[in-house]
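Overview (structure and organization)
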Amino acid sequence: MSRGELTKVSSLFDKYKKTLIAPEASVINAFLEVMEDLLSVKLSKEKVRYNPTSRTLSLRGLGALRSEVKIREDEILNHLRGRLGEKSSPRRVM
């Protein structure tokens, strides 16, 4: 870049967009929003866990809901990829 050229502010953050991943709480909040949008179910944060290492979301208890989530897992994961990006989205829901 030579002197006097203007750069877009958004391009200054490209490096961080590529390297940073969403924190655990952000993934859980996005999952709760998707659950409310798709299944019309409002869950508390205490019922959901996220393991960033394996990128796995898990529901505690709630057997019938877990079955419904497992059936629609691909749809839920697609919505999460759209909201969080490929690098930050979970790979599985258990």
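The structure reproduced in this document is the subject of the present report. The structure displayed is predicted, hence computed values, not measured ones. (Residues numbered from 1 in each chain as written. Predicted model: local features only at pLDDT ≥ 70, side-chain atom pairs only at ≥ 80, totals over all residues. Heavy atoms only, no water.)

Concerning the environment of Leu 43
Threshold: Secondary structure elements follow DSSP: runs of H or I of four or more residues count as helices, runs of E of two or more count as strands, with numbering from the N terminus. Any two residues having at least one pair of non-hydrogen atoms within 4.5 Å are treated as being in contact.
Position of Leu 43 among the secondary structure elements: in the loop between helix H3 (24-39) and strand E1 (48-51). With 10 residues separating them in the primary sequence, Leu 43 and Glu 33 have C-alpha atoms 9.2 Å apart. Contact partners of Leu 43, with chain neighbours within four places excluded, come to Phe 31, Leu 32, Met 35, Val 48, Leu 59, Leu 62 and Leu 65.

Thoughts on the sheet that holds strand E2 (residues 56-59)
Two pairing modes exist for strands in a sheet, parallel and antiparallel, and in both the strands are linked by backbone hydrogen bonds. Note the following rule: Strands qualify as paired when DSSP identifies two bridges or more between them. Inter-axis angles, ranging from 0 to 180 degrees, are taken between N-to-C directions of lines fitted to C-alpha atoms, where helices are fitted over the stretch in contact.
Strand order in the open sheet formed by three strands is E1-E2-E3, with mixed pairing between adjacent strands. Only two strands of the sheet have a single neighbouring strand rather than two, namely E1 and strand E3 (92-93). As judged from the four bridges shared by E1 and E2, these two strands associate in the antiparallel manner. What sits directly across from Tyr 50, in E2, is Leu 57. Against the sheet, H3 engages E1, E2 and E3, with an angle of about 135 degrees to E1.

Topic: the pairing of E2
Hairpin connection of E1 to E2: four residues between the antiparallel strands, including Arg 55 at a positive phi of 55 degrees. Direction of pairing for E2 relative to E3: parallel, over a ladder of two bridges. Paired with Thr 56 across the bridge in E3 is Arg 92.

What about the nonpolar core?
Rule in force here: Residues belong to one nonpolar core when they are buried, are Ala, Val, Leu, Ile, Met, Phe, Trp, Tyr or Cys, and are joined through side-chain atoms within 4.5 Å. Relative accessibility thresholds used throughout: buried, under 20% of the residue-type maximum; exposed, over 50%; partly exposed, between the two (1.4 Å probe, protein chains only).
In this structure, Phe 31, Met 35, Leu 43, Val 48, Leu 57, Val 69 and Leu 80 are the most contacted members of the largest nonpolar core, which totals 21 residues. Among the secondary structure elements, those contributing two or more residues to this core are H3, E1, E2, helix H4 (63-71) and helix H5 (73-84). Considering every element that reaches this core, the biggest residue donor is H3, with eight residues. Once you skip the residues sitting within four places of it in the chain, Phe 31 turns out to touch Leu 43, Val 48, Leu 57, Leu 59, Ile 76, Leu 80 and Val 93.

Some thoughts on the pattern of salt bridges
Defined as follows: Salt bridge, as applied in this entry: a Lys or Arg side-chain nitrogen positioned within 4 Å of an Asp or Glu carboxyl oxygen.
This structure, assessed with the given rule, holds five salt bridges. Asp 37 is paired through a salt bridge with Arg 83; the nearest N and O atoms lie 2.6 Å apart. In this pair, Asp 37 sits in helix H3 while Arg 83 sits in helix H5, placing the two residues 46 residues apart along the sequence. Among the residues examined, Arg 83 registers a relative accessible area of 38% and is labelled partly exposed. A cluster of three or more residues bridged by salt bridges with shared partners is formed by Glu 33, Asp 37 and Arg 83.

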